[in-house]
Amino acid sequence: MDIDVRVTGKTKLLGLVGNPVEHSISPQLHNTLSSLLGLDIVYIPLAVGKEDLETVVKALKALDFIGFNVTIPYKRDIMKYLDENSKEAILMGAVNTVKKIDGRLYGYNTDAEGFLRSFKEEAGVGFKGKKVVLIGAGGVARAIAVKIASEDAEKISVVNRTVEKSVELAEVVNENIKEIVQVYNFEDKTFRMAFEESDIIINTTSVGMYPKTRETPVKFTECFNKNQIVYDVIYNPEKTKFLNDAEKRGAKIINGLGMLFYQGISAYEIWTGVKFTEDKLKSVYESFKK
Ligand code: ATR
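Here the structure is a predicted model, which means the values were calculated and not measured.

Undergrad: Describe the layout of surface pockets, with residues and values.
TA: In this approach the atoms are scanned with a rolling probe the size of a water molecule, which exposes any empty space left behind. Considered as a void within the structure, the second largest pocket measures approximately 330 Å³ in volume. Contributing to the lining of the second largest pocket are 14 residues, with Glu 238, Leu 257, Phe 288, Lys 289 and Lys 290 lying nearest its centre. When residues of the lining of the second largest pocket are traced back to their parent elements, those giving at least two are α9 (257-272) and α10 (278-289). Broken down by element, the lining of the second largest pocket gets its largest block of residues, 4 residues, from α10. Its residues assigned to classes, the lining of the second largest pocket shows 7 nonpolar, 3 polar and 4 charged.

Here it is in structure tokens:
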């Protein structure tokens, strides 16, 4: 991506708080967006040590930052240092986007919004009335579960290596949104049934991510079928073994690149109030994919 950034005395600031941050594509994405829109905003990486998180948040509040992103490992820890967190972010248990409004810091979560926008864009359907299998029960799974429950999915079956974590996730969604989450063990035969009858299967674990590209969270590939949409939040490699297995059985497959893109777009829209048109987004997405 070509970046044309000119910093002046009036330039507003955005940044990425995390550790590590050097491999993040967010600075390129956001600086490209500002450049395309002709907005005088610069987005910078901010590697922060654990003991400095509170001090850094205070500094960002005092300086001329209009907002910032938060990434691993601070998406949960950051919440206690903000003035307010959105209801959705509280349910998701994580914040990835912070906006400063009248000197106060507000926390949001655009990861799940990014997932939903990319899913709708690439699958051409939403979650209403759908049966979904969610693999994994970590932070990403929780954000996605909260989102698709509020989109009126019919059933969410969560399967995770550590069963207690899926139980915890089910409790959050079932108590707060809708009684639809059921928990399964990988060894459980009924899980295979849930898998077979599902419309949408989503992997939220890191299993199969580079460099361990021969691994997959699902060992029984006969449960994939051509009516399913199979989504992997991993984007490196572009096609995981999980997606490859699903594709061979005729399922429609989608990787996590769109989620990464749209979480950034949603954050940028929150900070600036800009609403991107579909046409504009398509052309930015094409250059982002390169
Ligand atoms: P994130 O915020 O990216 O979701 P996380 O909270 O650490 O990260 O969650 C990682 C998820 O991947 C968990 O569901 C984890 O399973 P456990 O709850 O049993 O730890 C899952 N995961 C990671 N490595 C795994 C592996 N080798 N096999 C199966 N599941 C794995």
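Resuming the write-up.
Undergrad: Which residues make up the domain arrangement of the chain, and what are the values?
TA: Quite often, the size of an interface is put as the accessible area lost when its parts meet. Split into domains, the chain comes out as domain 1 (12-109 + 258-289) and domain 2 (113-255). Summarising the inter-unit geometry, the C-alpha centres of domain 1 and domain 2 are found 26 Å apart. The contact between domain 1 and domain 2 buries some 1,500 Å² in all, and 56% of this surface belongs to carbon and sulfur atoms. Across the contact surface, domain 1 and domain 2 share 2 salt bridges. With a shortest N-O distance of 2.9 Å, Arg 117 and Glu 269 are connected by a salt bridge. At the boundary of domain 1 and domain 2, one finds 5 residue pairs in polar contact (both at pLDDT 80 or more).

Undergrad: Which residues make up the nonpolar core, and what are the values?
TA: Nonpolar side chains in soluble globular proteins tend to be buried together. Counting residues in each nonpolar core, the largest one holds 32 residues, and the members touching the most others are Phe 115, Phe 119, Phe 127, Ile 156 and Ile 202. Mapped by element, the contributors of at least two residues to this core are α4 (111-123), β7 (131-135), α5 (139-150), β8 (155-159), α6 (163-176), β10 (200-203) and β11 (229-232). The biggest single contributor to this core is α5, with 7 residues. Those residues within four positions of Ile 156 in sequence are excluded, and the remaining contacts are Val 132, Leu 134, Ala 145, Ile 148, Ala 149, Ile 180, Val 181 and Gln 182.

Calculation rules
- Here, residues in each chain are numbered from 1, in the same order as that chain's written sequence.
- Given that the model is predicted, a residue must reach a pLDDT of at least 70 before its local features are reported, and side-chain atom pairs must reach 80 or more before they are shown or counted; all residues, however, enter totals for whole chains, interfaces and linings.
- Hydrogens and water are ignored here; the side-chain numbers use all heavy atoms of the structure.
- Whether a set of points on the 1 Å grid over the protein atoms alone is a cavity depends on a 1.4 Å probe fitting there but being unable to get out, while an open set qualifies as a pocket with protein on both sides within 12 Å along at least five of seven lines; lining residues are those with an atom within 4 Å of a point.
- Grid points are joined across faces, edges and corners, and a volume is the space filled by probe spheres set on the points.
- Secondary structure elements are defined from DSSP: runs of H or I of at least 4 residues count as helices, runs of E of at least 2 residues count as strands, and each element is numbered from the N terminus.
- Throughout, the ten residues Ala, Val, Leu, Ile, Met, Phe, Trp, Tyr, Cys and Pro are labelled nonpolar, Asp, Glu, Lys and Arg are labelled charged, and all others, Gly among them, are labelled polar.
- Annotation comment: domain bounds sourced from an automatic or database domain assignment.
- When two parts are put together, the accessible area they lose, computed with a 1.4 Å probe and summed over both, is reported as buried area.
- Whenever a carboxyl oxygen of Asp or Glu lies within 4 Å of a side-chain nitrogen of Lys or Arg, that contact is scored as a salt bridge.
- For the purposes of these results, a polar contact is taken to be a pair of N or O atoms within 3.5 Å, where, inside protein, one atom must be able to donate a hydrogen and its partner to accept one; residues adjacent in sequence count only when each atom of the pair is a side-chain atom.
- By nonpolar core is meant a set of buried Ala, Val, Leu, Ile, Met, Phe, Trp, Tyr and Cys residues that side-chain atoms within 4.5 Å join together.
- Summary of the burial criterion: residues with accessible area below 20% of their type's maximum are buried, those above 50% are exposed, and those between are partly exposed, where the area comes from a 1.4 Å probe applied to protein chains only.
- Between two residues, a contact is recorded if the distance between any of their heavy atoms is within 4.5 Å.

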